[in-house]
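# Observations on the three-dimensional arrangement
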Amino acid sequence: MVAFAGWSLPVQYRDSHVDSHLHTRRHCSLFDVSHMLQTKILGCDRVKLMESLVVGDIAELRPNQGTLSLFTNEAGGILDDLIVTSTSEGYLYVVSNAGCWDKDLALMQDKVRELQNMGSDVSLEVVDNALLALQGPTAAQVLQAGVADDLRKLPFMTSAVMEVFGVSGCRVTRCGYTGEDGVEISVPAAAAARLATALLENPEVKLAGLAARDSLRLEAGLCLYGSDIDEHTTPVEGSLSWTLGKRRRAAMDFPGASVIVAQLKGKVQRRRVGLMCEGAPMRVHSPILNTEGTVIGAVTSGCPSPCLKKNVAMGYVPYEYSRPGTPLLVEVRRKQQMAVVSKMPFVTTNYYTLK
């Protein structure tokens, strides 16, 4: 167990980190992610509130559709990444990072008060539910045994409230942070252990901790807030331009829009890239050098990839070094070794989308 954002969280269970990682890719794993901040934004002006804080097009979301978005500041820096779902029950369901709990909650609450003072109809509730992530190619098959809804009709980034293994009032969202098919289940806290036990009765399912979660998300090319993106990184630098809604870009009506849209149109100084190397694994803060030996950047996340049997990493390099295939050097334990800029995701993602 390790301390994280005021919680005590499991790094790994009985199985080794690598076994747990591979089990998720081949079968499915259950992650307890109840530490994450879950909120509801209610009222007629809920979309107006959310769009005053994030870069995404929330108005265009269909009922029960969700999107990854970013809170930004006036300098264009990323305050957090979050998932916003526009529910058919008439509220926005928001999931953001535990490490940013206080900051995110204050940001949203301050904006709620500001809009309320201007006569807007909007309010915020913290959802005191647990959150269980069931991730892997057999996740849907495992879950289907405990729900009446046809999960084939619940594609990636959509959500529905349903009874799950006898527990009513669960919100099931087809998403996750492993690159695999799977769901996150928001479940009333009192019933969380009962639901987890029911899921674990299927031999396909094993518990997985933070170590596997980190290597899985890195193989999938997904950012860890505070490491790969932060308040000093813009969405364009972080290779997250796809989160910027088309309408929002044109209107330039989100925090930091003047900085971010200018970067979209011009050249950005640096970019988040994927890196691969043989030899010793690249770790956070490892210097990245050009082939002449000049330091040009640093690694923000790195680990040996259990699936590829190679070392993978993410880091920031100047724009001219960001093209896949560019040879670079990475310094690990004071030794320089060859690395190459690689396309992400490193491992093909398996999200369930309706063709």
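Keep in mind that this is a model prediction, so the values were computed, not measured. (Residues numbered from 1 in each chain as written. Predicted model: local features only at pLDDT ≥ 70, side-chain atom pairs only at ≥ 80, totals over all residues. Heavy atoms only, no water.)

## So, the packing of aromatic side chains
Summed over all chains, the structure comprises 1 aromatic pair. Between Phe156 and Tyr351 the ring centres are 4.1 Å apart and the planes differ by 10°, which places this aromatic pair in the stacked class. Taken together, the residues Phe156 in the loop between helix H4 (139–144) and strand E10 (159–164) and Tyr351 in the segment after strand E19 (335–342) connect sequence positions 195 residues apart. According to the relative accessible area criterion, Phe156 is partly exposed, its value standing at 27%. Judged by relative accessible area, which is 24%, Tyr351 ranks as partly exposed. (Phe/Tyr/Trp six-rings, centres within 6.5 Å; stacked < 30°, edge-to-face > 60°. Helix = DSSP H or I, 4+ residues; strand = E, 2+ residues; numbered from the N terminus. Buried < 20%, exposed > 50% of the residue type's maximum accessible area, 1.4 Å probe, protein only.)

## Quick word on the side chain of Glu219
Along the polypeptide, Glu219 turns up in helix H6 (residues 210–219). Under the relative-accessibility criterion, Glu219 is labelled buried at 0%. For Glu219, the side chain forms a polar contact with the side chain of His21, separated by 2.8 Å. For Glu219, the residues in contact, after removing those within four places along its chain, are His21, Arg25, Ser305, Pro306, Cys307, Leu308, Pro345, Phe346 and Val347. (Polar contact = N/O pair within 3.5 Å; in protein donor to acceptor, adjacent residues only side chain to side chain. Contact = heavy atoms within 4.5 Å.)

## Section: the domain arrangement of the protein chain
Taken domain by domain, the protein chain consists of domain 1 (2–218) and domain 2 (269–344). Distance from the C-alpha centre of domain 1 to the C-alpha centre of domain 2: 31 Å. Each side of the interface is counted separately: domain 1 has 7 residues, and domain 2 has 8 residues. Both sides together, the interface formed by domain 1 and domain 2 hides about 630 Å², and carbon and sulfur atoms give 78% of it. In this structure, the connection of domain 1 to domain 2 is made through 1 residue pair in polar contact (both at pLDDT 80 or more). Listed by contribution, the elements that provide at least two residues to the side of domain 1 that touches domain 2 are helix H1 (17–26) and H6. Among the residues making up the side of domain 1 that touches domain 2, the classes are represented as 3 nonpolar, 2 polar and 2 charged. (Domains from an automatic or database assignment. Buried area = accessible area lost by both parts, 1.4 Å probe. Nonpolar A, V, L, I, M, F, W, Y, C, P; charged D, E, K, R; others polar.)

## A look at unusual backbone geometry
Here the bond from Met344 into Pro345 is cis, since omega is 0°, no more than 30 degrees from zero. In this structure, Pro345 sits in the segment after E19. Although it is not a glycine, Phe165 sits at a positive phi angle of roughly 45°. Tracing the backbone shows Phe165 in the loop between E10 and strand E11 (167–173). Overall, the relative accessible area of 27% leaves Phe165 in the partly exposed class. The phi dihedral of Arg334 is positive, around 65°, even though this residue is not glycine.

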